[in-house]
Amino acid sequence: HGRGRYRGRDGEIHKAYDFTNYTVFSLWDTFRAAHPLYALIDQKRTRDFINTFLAQYEQGGRLPVWELAGNETDTMIGYHAVSVIADAAAKRITGFDLEEAFAAMKHSAELKQYRGLGVYMDHGFVAVEDDRESVSKTLEYAYDDWCIAQVARLLGHTNDYQRYLARAQSYKNLFDPRSGFMRPRSNGSSMQMCLCFLH
């Protein structure tokens, strides 16, 4: 009777009928290499991971960032569930609702109160005054936006593709061509500004 039962992000007990529910998604640690490998060697598990993400989105109001035993810890930065979904879509893994996943991906990208995401959306970068880890957050948000754009392209959502592809260019706003590095940027004039490519 307990098979498939799990505690959801809403604190309630749910049953996974058509997928295996997983937990402990340290996505900042795993989106770069572990999940792309799983998508190659274990497509069933990848499918279950994404269906778990979607269940967490339905029960907790957003895709997981760093979920632990049914709780969102918000450890680390970015919203890298979108990267895992985009990689699976690019590798033509089926068995989850890609349109639903795309809606969840866009939702993660529009949470203006989430850890500097609002200023990133408004200004094209996270400034040092607005949020800590400003460079890292800008770069990771831009990468995740690129992932959303790729799924939009696969689904034929042209407007979304163009919007998120443009947002993904935000990384350029922190590139300093003189040093060749990404550098923090200030909203004001007191900090030395880099020569940036504003969009």
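Position numbers for residues start from 1 in each chain and track the written sequence from start to end. Given that the model is predicted, a residue must reach a pLDDT of at least 70 before its local features are reported, and side-chain atom pairs must reach 80 or more before they are shown or counted; all residues, however, enter totals for whole chains, interfaces and linings. No hydrogens and no water enter the side-chain calculation; it runs on all heavy atoms of the structure.

1. Details of the overall build of the protein chain
So, point 1. Here a strand is any run of E in DSSP of at least two residues, a helix any run of H or I of at least four, and the numbering for each starts at the N terminus. For the protein chain, the helix and strand inventory stands at eight helices and seven strands.
So, point 2. Its C-alpha atoms give the protein chain principal-axis dimensions of roughly 65 × 35 × 30 Å.
So, point 3. With 199 residues in all, the protein chain has 45% of them scored as buried.
So, point 4. Throughout, a contact is declared for two residues whenever any of their heavy atoms are within 4.5 Å. In the protein chain, once contacts between residues fewer than 6 apart in sequence are set aside, the share between residues at least 24 apart is 62%.
So, point 5. Each accessible area value is a Shrake-Rupley result obtained with a 1.4 Å probe; residue values ignore everything except the protein chains displayed when judging cover. By element, 52% of the accessible surface of the protein chain is carried by carbon and sulfur atoms, the whole surface being about 10100 Å².
So, point 6. Asp and Glu are treated as the negative residues and Lys and Arg as the positive ones, with His and the ends of the chain left uncounted. Taken as the charge location is NZ of Lys, CZ of Arg, CG of Asp or CD of Glu. Both charge centroids of the protein chain, one from 24 positive and one from 25 negative side chains, sit 3 Å from each other. Relative accessibility thresholds used throughout: buried, under 20% of the residue-type maximum; exposed, over 50%; partly exposed, between the two (1.4 Å probe, protein chains only).

2. Re helix α7 (residues 134-155)
So, point 1. In this analysis, the expected span of each helix is defined as 1.5 Å times one less than the number of residues it contains. With 22 residues, α7 ought to run about 32 Å at 1.5 Å a step, and its terminal C-alpha atoms sit 32 Å apart, in line with that.
So, point 2. Glycine 156 occupies a position one or two residues after α7 and carries a positive phi of about 80 degrees.

3. Thoughts on the sheet that holds strand β4 (residues 66-68)
So, point 1. Taken in spatial order, the three strands of this open sheet run β3-β4-β5, and their pairing is antiparallel. In this open sheet, the two strands that pair with only one neighbour each are β3 (25-26) and β5 (71-72).
So, point 2. Sheet analysis places β3 next to β4, joined by two bridges and oriented antiparallel. Bridging across to β4, phenylalanine 25 finds its partner in glutamate 67. Two strands pair under a simple rule: DSSP has to find at least two bridges between them.

4. Notes on the packing of helix α3 (residues 43-60) against helix α5 (residues 98-109)
So, point 1. It is at 10 Å that the axes of α3 and α5 come closest, and there the two elements cross at 55 degrees. Classified by the interaxial angle, the pair formed by α3 and α5 is oblique. In the crossing of α3 with α5, the sense of the turn from one axis to the other is left-handed. Where α3 abuts α5, its residues Leu54, Tyr57 and Glu58 lie against Glu100, Ala101, Ala103, Ala104 and His107.
So, point 2. Note that Gly is not counted as nonpolar here; it falls among the polar residues with everything else outside the nonpolar set of Ala, Val, Leu, Ile, Met, Phe, Trp, Tyr, Cys and Pro and the charged set of Asp, Glu, Lys and Arg. Its residues assigned to classes, the contact of α3 with α5 comprises five nonpolar, one polar and two charged. Here an angle of 0 to 180 degrees is reported between the N-to-C directions of two axes, which are lines fitted to C-alpha atoms, with helices fitted over the stretch in contact. Angles below 35 degrees are treated as roughly parallel, those above 145 as roughly antiparallel, those between 65 and 115 as roughly perpendicular, and all remaining angles as oblique. Each helix crossing is assigned a hand: it is left-handed if the near helix lies turned anticlockwise from the far helix by less than a right angle, otherwise right-handed if that turn is clockwise.

5. Some points on the confidence of the model for the protein chain
So, point 1. Along the chain, pLDDT gives the predictor's confidence residue by residue, from 0 to 100. Per-residue confidence for the protein chain averages 91 on the pLDDT scale, and 93% of its residues sit at or above 70.
So, point 2. Scored below 50 in pLDDT, residues 189-199 makes 32 contacts in the model with residues more than four places away or belonging to other chains.

6. A short note on the environment of glutamine 169
So, point 1. As for its position among the elements, glutamine 169 is in the loop between α8 (158-168) and β6 (175-176).
So, point 2. For glutamine 169, a relative accessible area of 24% puts it in the partly exposed group.
So, point 3. On a C-alpha basis, the gap between glutamine 169 and tyrosine 143 in space is 8.8 Å, while along the polypeptide they are 26 residues apart.

7. Let's talk about the nonpolar core
So, point 1. As used in this record, nonpolar core signifies buried Ala, Val, Leu, Ile, Met, Phe, Trp, Tyr and Cys residues forming a set joined through side-chain atoms within 4.5 Å. Judged by nonpolar contacts, the single largest core of 37 residues is most densely connected at Ile50, Phe53, Leu63, Ile85, Met105 and Ile148.
So, point 2. Contributing elements (two or more residues each) for this core: α3, α4 (81-90), α5, α6 (117-123) and α7.
So, point 3. Beyond its immediate stretch of four places on either side in the chain, phenylalanine 53 contacts Phe25, Leu27, Leu63, Pro64, Ala81, Val84 and Ile85.

8. A short note on unusual backbone geometry
As a rule of thumb, non-glycine residues mostly have phi less than zero, and peptide bonds are mostly trans rather than cis.
So, point 1. With a phi angle near 60 degrees, arginine 92 is a residue other than glycine that sits in the positive phi range.
So, point 2. By secondary structure assignment, the location of arginine 92 is in the loop between α4 and α5.
So, point 3. You can call arginine 92 exposed: its relative accessible area is 57%.
So, point 4. Its identity is not glycine, yet arginine 115 carries a phi of approximately 45 degrees, on the positive side.
So, point 5. Within the secondary structure layout, arginine 115 lies in the loop between α5 and α6.
So, point 6. With relative accessibility at 24%, the residue arginine 115 sits in the partly exposed group.

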